[in-house]
Amino acid sequence: MFRCGIDHIAVTAPSLESGARYVLETLGVEPRAGGEHPRMGTHNLLLRLGEALYLEVIAPDPRAPKPKRPRWFGLDDLRPDASPKLSTWVARTTDIRATTVACTEDLGTIEPMSRGRLQWLITIPTTGRTPLDGVAPALIEWPVSVHPATSLTDFGLSLVELRLIHPDPARINRLLESMNFEGPLTVSTPSDDETAHLLAVVDTPQGRRLLSTPGPRL
């Protein structure tokens, strides 16, 4: 039986520089260089949040040709002056094909992806936009015994909880159940002046912080 858990959370930004500033101001630690995604025309920065969990800052790569398909994580919709934000999350599964079939929501098609020597499978919607306003995850499957977090420096950060805020929490809970999801995650309804979004509670050496849209301190 397949199982799912949180693999990483993703901050989208119009540039890696603005994304790095956002993370540094919010968490007190600057993310480190990741690499390029040739098929998507994007590049990233990474920050360890656990033994097999990390934060990704991802942005269009100005040095890469624009792909003939929509970039992932809704990056084509970002204006140059857009504020970086926690836009979506990625769920790790032991069997991405079985999980995709079982899911109650369409999370996209399964595609091979690479960054340097790393290779993996991930679901990507044909529109490039994140499912259910980013509250539904992308699915990822890494090769056995391979995970990028193991090579990242430990700066004492850890993900305490990921909160999924959506106007139809029952729909989100059905999706999580269909994924056999396990992990530090809660689902709730937004207040009257809110829309669907994510909140990530992170322990740092400077205290507990909140990544959101935008990311205030607790």
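Going by the structure above, here's the rest.
Residues numbered from 1 in each chain as written. Predicted model: local features only at pLDDT ≥ 70, side-chain atom pairs only at ≥ 80, totals over all residues. Heavy atoms only, no water.

### A look at the overall build of the chain
Assigned secondary structure in the chain consists of three helices and 12 strands. With respect to the three principal axes, the spread of C-alpha positions in the chain is 40 × 40 × 35 Å. Considering the chain as a whole, with its 218 residues, one finds that 53% of them fall into the buried category. Considering only contacts in the chain between residues 6 or more positions apart, those separated by 24 or more positions represent 69%. Of the roughly 10400 Å² that the chain leaves accessible, carbon and sulfur atoms contribute 50%. Each charge sign in the chain was given a centre, from 23 positive and 26 negative side chains, and these centres are 5 Å apart. (Helix = DSSP H or I, 4+ residues; strand = E, 2+ residues; numbered from the N terminus. Buried < 20%, exposed > 50% of the residue type's maximum accessible area, 1.4 Å probe, protein only. Contact = heavy atoms within 4.5 Å. Areas by Shrake-Rupley, 256 points an atom, 1.4 Å probe, with all protein chains shown as cover. Lys, Arg positive; Asp, Glu negative; His and termini not counted. Charge placed at Lys NZ, Arg CZ, Asp CG, Glu CD.)

### Some words on the packing of aromatic side chains
By the definition in use, this model includes three aromatic pairs. Measuring from centroid to centroid gives 5.6 Å for Trp 89 and Phe 181, while their planes differ by 85 degrees, and the two rings are edge-to-face. Of this pair, Trp 89 sits in strand E5 (residues 85-93) while Phe 181 sits in the loop between helix H3 (169-178) and strand E10 (185-188), and the two are 92 residues apart along the sequence. We note that Trp 89, like Phe 181, is buried. (Phe/Tyr/Trp six-rings, centres within 6.5 Å; stacked < 30°, edge-to-face > 60°.)

### Section: the sheet that holds strand E3 (residues 42-50)
Strand order in the open sheet formed by eight strands is E2-E3-E4-E1-E5-E8-E7-E6, with mixed pairing between adjacent strands. Two strands in the sheet have a free side with no partner beyond their single neighbour: strand E2 (32-37) and strand E6 (109-115). Direction aside, the axes of adjacent strands within the sheet are offset by 30 degrees on average. Looking at chain direction, strand E1 (residues 4-12) and E5 are connected through eight bridges and run antiparallel. Looking at the pairing, Gly 5 lines up with Arg 92 of E5. (Pairing = 2+ DSSP bridges. Axes fitted to C-alpha atoms, helices over the stretch in contact; angles between N-to-C directions.)

### Observations regarding the nonpolar core
Counting residues in hydrophobic clusters, the biggest one holds 42 residues, and the most contacted among them are Ile 9, Leu 55, Trp 89, Leu 164 and Met 179. Put simply, the parts of the chain that give this core at least two residues each are E1, helix H1 (16-27), E3, strand E4 (53-60), E5, strand E9 (158-165), H3 and strand E11 (197-204). Aside from chain neighbours lying at most four places away, what touches Leu 164 is Trp 89, Val 135, Ile 172, Leu 176, Leu 185, Thr 186, Val 187, Ser 188, His 197 and Leu 198. The next biggest cluster of nonpolar side chains, apart from the first, holds 18 residues, and it includes Met 113, Leu 118, Ile 124 and Leu 152. (Core = buried A, V, L, I, M, F, W, Y, C linked by side-chain atoms within 4.5 Å.)

### Examining the sheet that holds E10
What links the strands of a sheet is backbone hydrogen bonding, and the strands pair in either a parallel or an antiparallel sense. As summarised here, the arrangement of the four strands in space is E10-E9-E11-E12, forming an open sheet in which the pairing is mixed. Every interior strand has two partners, whereas the edge strands, E10 and strand E12 (207-211), have only one. Going across the sheet, the axis of each strand differs from the next one's by a mean of 20 degrees, ignoring polarity. Examined bridge by bridge, E9 and E11 share seven bridges and lie antiparallel to one another. For Ser 158, the partnering residue across the bridge sits in E11 and is Asp 203. Contacting E11 and E12, H1 crosses the sheet at an angle of about 145 degrees to E12. Strands E9 and E10 of the sheet are contacted by H3, whose axis makes an angle of about 150 degrees with E10.

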